[in-house]
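Chain by chain, the residues:
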Amino acid sequence: MVMMERFGSPATRLMSVMKSLQVPVRSIQPGDRILVITDDAMDPLVWQGAMAAINEKGGEAVLCMWPRLDHHFADPPQMAIEAARGADAIFALTTTALSDASAGSRAMRKACGGPMCLMEEMTVEILTEGGGRANLDQVKEISALGRRVGEVYDRGKRIHIKSDAGTDLTAQIGDMPPSYHADRWGRIPFGRNAKTGKLAGGTWPWGEAHIEPIPGTAHGTVVWEVTAQFPPGRWRNPVALTIKDGRVVDIQGKTEADQVRWFLETYGDESSWLVGGEMALGLSKLCQPYADSVRSWKKHYGAMHFGIGHGADRGKIVSVLRLEGIIEKITMVIDDTVVCDKGTILV
């Protein structure tokens, strides 16, 4: 947040915002219909830049805005879901997270039939000073690293993650289609399907390689030490999750822990306490450590976002939300392969 604190967010930054969105719009062609969804809390420069970048490519951009939802992973309005029916793709630029843990978000994706490109909690600074400034060559380098990490995931049966802050957790992995992770994280985002010609998806900034545990197999402690979707901002105190048989059974810490517990009890369901979500290694060295938002930190090189709740890849844990928190410098071991050692990726 250094640039924002010093200079604010002047309207002239629209030029830089458009430049930072060239990868997400790289495959848009004249006639493509793109629904841009946002809320009234988002910096207008972000969605204006997206609309302008889509328009410059010849795409038909339509804006759908609503008052900020009550909480992360809340369902989008029904009218927004209906608006998705005419779109070829959705650019999600809301200030609340929209994973497919939300039934409304899943309905919006189904109505569209194309990808929902996740860019929630985006800021001008993330776009212009952080991971969002990556060009296509840099994205290709990140994807090459993602492919190498994914190849280790595809061979593995067991994961062990640790951190100096106290994370120490093991889980079983595997039971996914051959080359699932290598192909997913090695693919260049925002392309087109070679067979159908339809737009392909991506997230922005680009830069993670995640894997989901086999439900019921995660055991140990996870310490979210930086931030989470809730409570927002840089935390002063870490939050320790005790996990047994794939379920969060205890949450320890100070004020932040109380807030995490309140969020899960207020907005979650029984399955929101299960470990079905992502264990994701950040791959981008462009993501800055001072952004203090999950949108940037989840792609930060050598960090991990660890999610509880909904597991989209396996489809076996379905909940009304997935809460993700950040571990700063992760050590990750897959079987006998050290993938990352205290924030340095070794594959």
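The structure this text deals with has already been given above.
Residues numbered from 1 in each chain as written. Predicted model: local features only at pLDDT ≥ 70, side-chain atom pairs only at ≥ 80, totals over all residues. Heavy atoms only, no water.

*Asks:* Would you take a moment to explain the overall build of the protein chain for this structure?
*Replies:* In terms of helices and strands, the protein chain carries ten helices and 16 strands. The dimensions of the protein chain, computed from C-alpha atoms along their principal axes, are 50 × 40 × 40 Å. Counting every position in the protein chain, which comprises 347 residues, the buried fraction comes to 55%. Considering only contacts within the protein chain whose residues lie at least 6 apart along the sequence, 74% involve residues at least 24 apart. Surface accessibility of the protein chain: about 14300 Å² in total, with carbon and sulfur atoms responsible for 50%. Between the centroid of the 39 positive side chains of the protein chain and the centroid of its 42 negative side chains there is a distance of 5 Å. (Helix = DSSP H or I, 4+ residues; strand = E, 2+ residues; numbered from the N terminus. Buried < 20%, exposed > 50% of the residue type's maximum accessible area, 1.4 Å probe, protein only. Contact = heavy atoms within 4.5 Å. Areas by Shrake-Rupley, 256 points an atom, 1.4 Å probe, with all protein chains shown as cover. Lys, Arg positive; Asp, Glu negative; His and termini not counted. Charge placed at Lys NZ, Arg CZ, Asp CG, Glu CD.)

*Asks:* Would you explain the nonpolar core in this entry?
*Replies:* The nonpolar side chains of soluble globular proteins are, as a tendency, buried together. If you look at the biggest cluster of nonpolar residues, it comprises 79 residues, and the most contacted ones within it are F91, W204, W224, L281, F306 and M332. When residues no more than four places from it in sequence are discounted, the contact partners of F306 are I161, L169, V222, W224, I243, V275, E278, M279, L323, E324, G325 and I327. Formed by 18 residues, the second largest nonpolar core is a distinct cluster that contains I37, A80, A87 and I90. (Core = buried A, V, L, I, M, F, W, Y, C linked by side-chain atoms within 4.5 Å.)

*Asks:* Help me understand helix α3 (residues 44-56), please; the structure alone is not making it clear to me.
*Replies:* Count 3.6 residues to each turn of an α-helix, and residues three or four apart come out pointing the same way. An ideal rise of 1.5 Å per residue puts 18 Å on 13 residues; α3 measures up with 18 Å between its terminal C-alpha atoms. Every buried residue of α3 is listed here: L45, V46, W47, G49, A50, M51, A53 and I54. Contacts made by the buried residues of α3 are with α2 (14-20), β1 (33-39), β2 (60-66), β3 (89-93) and α6 (124-129). One side-chain oxygen at the N-terminal end of α3 lies 3.0 Å from the backbone nitrogen of L45; it belongs to D43. G58 occupies a position one or two residues after α3 and carries a positive phi of about 95 degrees. (Expected span 1.5 Å × (residues − 1). Polar contact = N/O pair within 3.5 Å; in protein donor to acceptor, adjacent residues only side chain to side chain.)

*Asks:* Please clarify how the environment of L283 should be interpreted in this entry.
*Replies:* Inspection of the secondary structure assignment puts L283 in the loop between β11 (279-282) and α10 (294-297). Judged by relative accessible area, which is 4%, L283 ranks as buried. Placed 61 residues apart in sequence, L283 and T344 show a C-alpha to C-alpha distance of 10.0 Å. Leaving out residues up to four positions away in the same chain, L283 has contacts with I142, L145, G146, V149, G207, E208, A209, K299, H300, Y301 and I345.

*Asks:* Sorry if this is basic, but what is going on with the sheet that holds strand β14 (residues 331-334) here?
*Replies:* One open sheet accounts for eight strands, arranged β10-β9-β8-β6-β5-β14-β15-β16; its pairing is antiparallel. Of all the strands in the sheet, just β10 (247-253) and β16 (344-345) have a single pairing partner and so form its edges. Sheet topology note: the strand β8 (residues 219-224)/strand β9 (residues 239-244) ladder contains five bridges and is antiparallel. Within β9, the position partnered with G220 by the bridge is I243. Where helix α9 (residues 255-267) meets the sheet, it contacts β8, β9 and β10, and its direction lies at approximately 145 degrees from that of β10. (Pairing = 2+ DSSP bridges. Axes fitted to C-alpha atoms, helices over the stretch in contact; angles between N-to-C directions.)

*Asks:* Would you take a moment to explain the pattern of salt bridges for this structure?
*Replies:* Two side chains that carry opposite charge are able to pair once their charged atoms sit near each other. Under the criterion given, the structure shown has 15 salt bridges. Across the pair R192 and D32 runs a salt bridge whose closest N-O atoms are separated by 2.2 Å. With R192 in the loop between α8 (180-186) and β7 (208-211) and D32 in the loop between α2 and β1, the pair connects residues that are 160 residues apart, well separated along the chain. Since its relative accessible area comes to 27%, R192 is described here as partly exposed. (Salt bridge = Lys/Arg side-chain N within 4 Å of Asp/Glu carboxyl O.)

Honestly, that's just the spatial picture; any functional story needs more than this.
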